[in-house]
Amino acid sequence: QVQLVESGGGVVQAGGSLRLSCTASGRTFSKNVMGWFRQAPRKEREFVAAISWRGSTSNADSAKGRFTISRDNAENTIYLQMNSLNPEDTAVYYCAARASTILVGPPSASDMAYWGKGTLVTVSS
């Protein structure tokens, strides 16, 4: 059974940092595009960042300069380092994996084949 499990969410003050992790089990995703999406209350799920197996990345404009996605293929894990957080970053953050190994521009949610259950990030002002 394939599982993606996120961790690292929590409550942080504006300007603070958090590091999210997502570990996959049930199969290896070392060759797959993986990424992070988020969904704020009453909003659509939106793309945050994605990374190819070679380490190429794609980032949403809202993440550029503040968030860094990385991966450890040996550990079947991806990370999202989030700095300079602001209240607009409050959301449930989801890890996702794509069946494809190719990353060309930001993937949409419908491109992703596997999803975690999410981890809540709350940024207080």
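Look above for the structure.
Attention here is on the structure that accompanies the text. (Residues numbered from 1 in each chain as written. Predicted model: local features only at pLDDT ≥ 70, side-chain atom pairs only at ≥ 80, totals over all residues. Heavy atoms only, no water.)

A short note on the overall build of the protein chain
Phase 1: Helix and strand counts for the protein chain come out as 0 helices and 11 strands.
Phase 2: In the protein chain, the succession of α and β elements from N to C terminus is β-β-β-β-β-β-β-β-β-β-β.
Phase 3: Its C-alpha atoms give the protein chain a radius of gyration of 13 Å, within 12% of the compact-globule value 14 Å for 125 residues.
Phase 4: By principal-axis analysis of the C-alpha atoms, the protein chain measures approximately 40 × 30 × 25 Å.
Phase 5: Restricting the contact set of the protein chain to residue pairs at least 6 apart, pairs at least 24 apart contribute 62%.
Phase 6: Carbon and sulfur atoms make up 47% of the accessible area of the protein chain, which totals about 6400 Å².
Phase 7: Looking at the protein chain, you have 13 positive and 9 negative side-chain charges, and the mean spots of the two groups are 4 Å apart. (Helix = DSSP H or I, 4+ residues; strand = E, 2+ residues; numbered from the N terminus. Rg over C-alpha atoms; globule rule 2.2 N^0.38 Å. Contact = heavy atoms within 4.5 Å. Areas by Shrake-Rupley, 256 points an atom, 1.4 Å probe, with all protein chains shown as cover. Lys, Arg positive; Asp, Glu negative; His and termini not counted. Charge placed at Lys NZ, Arg CZ, Asp CG, Glu CD.)

Quick notes on the sheet that holds strand E7 (residues 67-72)
Phase 1: The antiparallel open sheet is built from 4 strands, whose spatial order is E1-E3-E8-E7. The open sheet is flanked by strand E1 (3-7) and E7, the only strands paired with a single partner. Going from strand to strand, the sheet's axes swing by 15 degrees on average, the running direction of each strand aside.
Phase 2: In this sheet, strand E3 (residues 18-25) lies alongside E1 in antiparallel orientation, the contact comprising 5 bridges. (Pairing = 2+ DSSP bridges. Axes fitted to C-alpha atoms, helices over the stretch in contact; angles between N-to-C directions.)

What about the side chain of Arg98?
Phase 1: Considering the arrangement of structural elements, one finds Arg98 in strand E9 (residues 91-98).
Phase 2: Buried charge without a salt bridge: Arg98, with Asp111 as the nearest opposite-charge side chain at an N-O distance of 4.2 Å.
Phase 3: Engagement of the side chain of Arg98 in a polar contact is seen with the backbone oxygen of Ile102, the distance being 3.4 Å.
Phase 4: Discounting residues that sit within four places of it in the chain, Arg98 has contacts with Asn32, Val33, Pro107, Asp111, Met112 and Ala113. (Buried < 20%, exposed > 50% of the residue type's maximum accessible area, 1.4 Å probe, protein only. Salt bridge = Lys/Arg side-chain N within 4 Å of Asp/Glu carboxyl O. Polar contact = N/O pair within 3.5 Å; in protein donor to acceptor, adjacent residues only side chain to side chain.)

Section: the state of the cysteines
Phase 1: Scanning the model with the defined rule gives 1 disulfide in all.
Phase 2: A disulfide bridge connects Cys22 with Cys95, and the sulfur atoms are separated by 2.0 Å. The disulfide joining Cys22 to Cys95 has a torsion of about -75 degrees about its S-S bond and is therefore left-handed. Pair noted here: Cys22 is in strand E3 and Cys95 is in strand E9, with a separation of 73 residues, a long-range link.
Phase 3: Judged by its relative accessible area of 0%, Cys22 falls in the buried class.
Phase 4: Cys95 gets classed as buried once you look at its relative accessible area, which sits at 0%. (Disulfide = S-S within 2.5 Å.)

Considering the nonpolar core
Phase 1: Core analysis: the largest hydrophobic core is formed by 26 residues, its most contacted members being Leu4, Trp36, Val48, Phe67, Leu80, Met82 and Tyr93.
Phase 2: Taken together, the elements giving at least two residues each to this core come down to E3, strand E4 (34-39), strand E5 (46-51), E7, strand E8 (77-82), E9 and strand E11 (119-124).
Phase 3: Ignoring any residue separated from it by four or fewer positions in sequence, one finds Tyr93 in contact with Glu6, Leu20, Trp36, Phe37, Arg38, Val48, Phe67, Leu80, Met82, Gly118, Thr119 and Val121.
Phase 4: In terms of nonpolar packing, the next biggest core, distinct from the first, is built from 8 residues, Phe37, Phe47, Ala50 and Leu103 among them. (Core = buried A, V, L, I, M, F, W, Y, C linked by side-chain atoms within 4.5 Å.)

Some thoughts on unusual backbone geometry
Phase 1: One non-glycine residue, Arg42, lies in positive phi territory at about 65 degrees.
Phase 2: A positive phi angle, close to 50 degrees, is found at Ser84, a residue other than glycine.
Phase 3: Mapped onto the elements of the fold, Ser84 is located in the loop between E8 and E9.
Phase 4: Residue Ser84 is classed as partly exposed on the basis of its relative accessible area, which comes to 44%.

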